Amino acid sequence: MIKANLGPRSRKALSRKLMQSLLISVSIVLHFCSQPIAAGRRTGDSINASNLMHNTNKKGGSIPSDVPIRVAYQGEPGAYSEKSTRELLGANVIAVGYPNFEACYRAVTAMECDYACVPVENSLGGSIHENYDLMLRYDLTIVAEHDFRVRHCFLVKPGMKREDVKYAISHSQALAQCDGYLRGLGITPVPTYDTAGSAKMIANTFNGVTDGARALPGKCTPENTAAIASDLAGEIFGLDSLDKGIEDDDSNFTRFLLLGRKGVVEHLTKKISSKTSVVFTLPDSAGALYKALACFSLRDIDFSKIESRPTSASLLHFLKFRSQIGGRTALSRSKSPRFRYCFYLDFLASELDESA
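About the cut-offs
- Residues numbered from 1 in each chain as written.
- Predicted model: local features only at pLDDT ≥ 70, side-chain atom pairs only at ≥ 80, totals over all residues.
- Heavy atoms only, no water.
- Salt bridge = Lys/Arg side-chain N within 4 Å of Asp/Glu carboxyl O.
- Helix = DSSP H or I, 4+ residues; strand = E, 2+ residues; numbered from the N terminus.
- Core = buried A, V, L, I, M, F, W, Y, C linked by side-chain atoms within 4.5 Å.
- Buried < 20%, exposed > 50% of the residue type's maximum accessible area, 1.4 Å probe, protein only.
- Axes fitted to C-alpha atoms, helices over the stretch in contact; angles between N-to-C directions.
- Parallel < 35°, antiparallel > 145°, perpendicular 65-115°, else oblique.
- Left-handed = near helix turned anticlockwise from the far one by under 90°.
- Contact = heavy atoms within 4.5 Å.
- Phe/Tyr/Trp six-rings, centres within 6.5 Å; stacked < 30°, edge-to-face > 60°.
- Pairing = 2+ DSSP bridges.
- Expected span 1.5 Å × (residues − 1).
- Polar contact = N/O pair within 3.5 Å; in protein donor to acceptor, adjacent residues only side chain to side chain.
- pLDDT = per-residue confidence, 0-100.

Oppositely charged side chains can form a pair if their charged atoms are brought close together. Applying the stated criterion across every chain, the model contains 15 salt bridges. As a salt-bridge pair, Glu102 and Arg106 come within 3.6 Å of each other at their nearest N and O atoms. Residue Glu102 and its partner Arg106 are both found in helix H5 (residues 101-109); the two are separated by four residues, about one turn of the helix. The salt bridge partner of Asp179 is Arg183, with a shortest N-O separation of 2.7 Å.

Put into structure tokens, the structure is as follows:
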């Protein structure tokens, strides 16, 4: 209705007025950065991710093209995060595994690695909120994203047949995604800590590796157990793949973000399709969310994601402290409502677009 009755200049003027009235009482703008859409996977005017990474390294310098890029990921060798990293940046990248997501952020901050490749959203399981929270705690910037197709493989000790398998071990989410396949074969699922880690446990057991290695759970042995993991994990740990693509739903995609110490805005042009991610909180007042979203609608800017969720007290307290250091006003603890919500928004424009 508003668009039908207002011209472009009037819409922009109203948008500015709405934004001004909103910013008077906005609590915290938490995160703002632009990145090329699906870097390295598009053709034409898009940026090649591998070439781009060599131009956005430490302290504004560049990585020589003959120096491999070090990228942190969470998990064991052969994890889907490692495979996504190699799909995005090429086989020559040095992928470095870390035990948890925060260790990846710390590695980039401490310059142990140049970038981190972390999952933020799965088409079946939804958002991975831990990484959204960590992006707010660490001053890293999104430099690329990659939509990774998750294909589960049925990995076994060399020489085994499908009828030998009684148990399947993997991360609980992977087991759930292959439930129909396992039921059809009468195989009992046994959850473990990791997909690639499950392949590693089978390999370590039949190779006699015991020093610091995790043991197979319960009645599982290398002779009666399969691991559900990536084909890369099978190659790394020397397992046979009896079947590929065993997931029940072939629309299983995970969106990964590549995070670095420096952004890529200076390398973008108006011809490159871009996406900007914003995270913010709003005051507890009537029309606050409408005002925030109307600013985009009036400028004909499209969204690709919008989500809200309660913010933990510890994270909100940390963000308030950081906003006060930056000279912004934050609500006192006594005035804060019991539930404070973060809004996560991706919109299809960059800082270079006049409408944005």
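The next thing to look at is the nonpolar core. Of all hydrophobic cores here, the largest spans 25 residues; its most connected members are Ala72, Tyr98, Tyr105, Cys113, Met135 and Leu259. Those elements giving two or more residues to this core turn out to be strand E3 (94-98), H5, strand E4 (115-122), helix H6 (129-137), strand E12 (253-260) and strand E15 (341-347). Of the residues forming this core, the biggest block, six residues, is contributed by H5. If you look at the next biggest cluster of nonpolar residues, it comprises 20 residues, including Ile169, Ala199, Leu216 and Cys220.

This part is about the packing of H5 against H6. At a closest axis distance of 10 Å, the pairing of H5 and H6 adopts a crossing angle of 30°. Between H5 and H6, the angle falls in the class roughly parallel. Helix-helix and strand crossings are classified by hand; for H5 and H6 the assignment is right-handed. Between H5 and H6, the contacting residues are Phe101, Glu102 and Tyr105 on the first element and Glu130, Asn131, Leu134 and Met135 on the second.

On to the packing of aromatic side chains, then. Applying the stated rule across the entire model yields eight aromatic pairs. Between Phe148 and Phe256, the ring centres sit 6.0 Å apart and the planes meet at 85°, which makes this aromatic pair edge-to-face. Taken together, the residues Phe148 in strand E6 (residues 141-149) and Phe256 in strand E12 connect sequence positions 108 residues apart. As far as burial versus exposure is concerned, Phe148 and Phe256 are alike and both buried. Their ring planes at 75° and their centres at 5.2 Å tell us that Phe296 and Phe303 sit as a pair that is edge-to-face.

Turning our attention to unusual backbone geometry. The phi dihedral of Met111 falls on the positive side, at around 65°, and the residue is not glycine. You can see Met111 is positioned in the loop between H5 and E4. Residue class for Met111 comes out partly exposed when judged on its relative accessible area of 35%. Even without being a glycine, Asp300 presents a positive backbone phi close to 55°. Along the chain, Asp300 falls in the loop between helix H11 (288-297) and strand E14 (303-310).

By secondary structure assignment, the location of Thr254 is in strand E12. Accessibility expressed as a relative area gives 9% for Thr254, which makes it buried. The sequence separation of Thr254 and Phe148 amounts to 106 residues, and the corresponding C-alpha distance is 5.2 Å. Excluding anything up to four places from it in sequence, Thr254 contacts Pro119, Glu121, Asn122, His146, Asp147, Phe148 and Val150.

A word on the pairing of E12. Taken residue by residue, a regular strand's side chains alternate between the two faces of the sheet. For E12, a buried count of seven out of eight residues is recorded, marking the element as mostly surrounded by other parts of the structure. As paired strands, E4 and E12 are joined by six bridges and run antiparallel to one another. Considered in E12, the bridge of Cys117 is made with Leu258. For E6 and E12, the ladder comprises eight bridges, and the chain directions are antiparallel. Directly across from Asp147, in E12, lies its bridge partner Arg255.

A word on helix H9 (residues 195-206). In this model H9 runs 18 Å from its N-terminal to its C-terminal C-alpha over 12 residues, within 8% of the 16 Å that 1.5 Å per residue would give. Those residues of H9 lying buried are Thr195, Ala196, Gly197, Ser198, Ala199, Met201, Ile202, Ala203 and Asn204. The N-capping residue of H9, defined by a side-chain oxygen 3.5 Å from the backbone nitrogen of Ala196, is Asp194.

What follows deals with the confidence of the model for the chain. When pLDDT is averaged along the chain, the result is 80, and 73% of the positions lie at 70 or above. Contacts from residues 38-47, a stretch scored under 50 in pLDDT, to residues over four places away or in other chains number 21 contacts. Confidence over residues 55-62 falls short of pLDDT 50; this stretch has 21 contacts with residues more than four positions distant or in other chains.

What follows deals with the environment of Glu130. Looking at the element boundaries, Glu130 is found in helix H6. For the pair Glu130 and Glu102, spaced 28 residues apart in sequence, the C-alpha to C-alpha distance is 8.9 Å.

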